[in-house]
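Structural features, examined
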Amino acid sequence: QVQLVESGGGLVQAGGSLRLSCAASGPTYRWYSMGWFRQAPGKEREFVAAMNWSGGTTYYADFVKGRFVISRDNAKNMVYLQMNSLKPEDTAVYYCAAADGSRSRAWRLGDVRSWGQGTQVTVSL
């Protein structure tokens with residue numbers, strides 16, 4: 001099983017950018033698809049973006065298309081989420097996630113095999 005640790009969250013003004021990082025460990029990391037979810041206060045955890053093991057296939061939630069970019073560096077066991085043009089409604093705890101297989105659709109919570117501990121992103125007006 002892969003272990004995940006996020007970093008890079010913080011406070012940013014609307015219109016600004018942040019890059020989240022996820023450090024993965026475990027012997028089978030490179031074969032997992034990697035993704036990001038988020039959870040705002042009082043709301044359910046929702047899918048944000050995902051990438052298959054090779055990085056050749058990505059999928060984004062509609063509300064982040066054109067603003068967020070997911071990437072991975074398998075040589076460094078890292079996954080990133082570049083977030084641009086941030087809005088107050090992007091405020092949430094962001095979670096790194098790992099899933100086996102590849103999907104051309106939004107991930108469901110049940111697809112996830114491993115979760116990180118989460119990192120807080122707060123976007124102010």
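Up top is the structure these notes are about.
For the structure given in this document, a descriptive report is provided here. Since we're looking at a predicted model, the values are computed, not measured. (Residues numbered from 1 in each chain as written. Predicted model: local features only at pLDDT ≥ 70, side-chain atom pairs only at ≥ 80, totals over all residues. Heavy atoms only, no water.)

This model, assessed by the stated rule, comprises 1 disulfide. There is a disulfide in this structure between Cys22 and Cys96, and the S-S distance comes to 2.1 Å. Linking Cys22 and Cys96, the disulfide has an S-S dihedral of approximately -85 degrees and is accordingly described as left-handed. Remark: Cys96 occurs in strand 9 (residues 92-99) and Cys22 occurs in strand 3 (residues 18-25); sequence separation between them is 74 residues. For Cys22, a relative accessible area of 0% translates into the label buried. For Cys96, a relative accessible area of 0% puts it in the buried group. (Disulfide = S-S within 2.5 Å. Helix = DSSP H or I, 4+ residues; strand = E, 2+ residues; numbered from the N terminus. Buried < 20%, exposed > 50% of the residue type's maximum accessible area, 1.4 Å probe, protein only.)

Side chains of strand 1 (residues 3-7) alternate between two faces, with Leu4 and Glu6 buried and Gln3, Val5 and Ser7 left unburied. Sheet topology places strand 1 next to strand 3; 5 bridges connect them, and they run antiparallel. Within the sheet, the bridge partner assigned to Ser7 lies in strand 3 and is Ser21. (Pairing = 2+ DSSP bridges.)

The next thing to look at is the pairing of strand 11 (residues 119-124). Burial along strand 11 is one-sided: Thr119, Val121 and Val123 are buried, and none of Gln120, Thr122 and Ser124, which face the opposite way, are. As paired elements, strand 2 (residues 10-13) and strand 11 share 4 bridges and run parallel to each other. Bridge pairing in strand 11 places Gly10 opposite Val121. Strand direction decides the pairing type here: strand 9 and strand 11, joined by 3 bridges, are antiparallel. Note on strand 11: the bridge partner recorded for Val93 is Gln120.

The full count for this structure, using the stated rule, is 8 salt bridges. Where Lys65 meets Asp62, a salt bridge forms, and the shortest distance between an N and an O atom there is 3.1 Å. Look at Lys65 and you get partly exposed, because its relative accessible area is 49%. (Salt bridge = Lys/Arg side-chain N within 4 Å of Asp/Glu carboxyl O.)

Quick look at empty space enclosed by the protein now. Going through the model one piece at a time under the given rule, you end up with 1 cavity of 30 Å³ or more. For the largest cavity, the calculated volume is near 40 Å³. Lining the largest cavity are Ser33, Ala50, Met51, Asn52, Thr57, Thr58, Tyr59, Ser102, Arg103 and Trp107. Of all the secondary-structure elements, those providing two or more residues to the lining of the largest cavity are strand 5 (46-51) and strand 6 (58-60). Grouping the amino acids of the lining of the largest cavity by side-chain chemistry returns 4 nonpolar, 5 polar and 1 charged. (1 Å grid on protein atoms, 1.4 Å probe; cavity = no way out; pocket = protein on both sides within 12 Å on 5 of 7 lines; lining within 4 Å. Points joined across faces, edges and corners; volume = space filled by probe spheres on them. Nonpolar A, V, L, I, M, F, W, Y, C, P; charged D, E, K, R; others polar.)

Tallying each qualifying case throughout the model produces 7 aromatic pairs. Relative to Trp53, the ring of Trp31 has its centre 5.1 Å away and its plane inclined at 45 degrees; by these criteria the two rings are tilted. Taken together, the positions of Trp31 in the loop between strand 3 and strand 4 (33-39) and Trp53 in the loop between strand 5 and strand 6 put the pair 22 residues apart, joining distant regions of the chain. On the basis of relative accessible area, Trp31 is assigned to the exposed category, the value being 58%. Relative to Tyr59, the ring of Phe47 lies with its centre 6.2 Å away and its plane at 45 degrees, an arrangement referred to as tilted. Here the residue Phe47 occupies a position in strand 5, and Tyr59 occupies one in strand 6, the gap between them amounting to 12 residues. By relative accessible area, which is 7% here, Phe47 ends up buried. (Phe/Tyr/Trp six-rings, centres within 6.5 Å; stacked < 30°, edge-to-face > 60°.)

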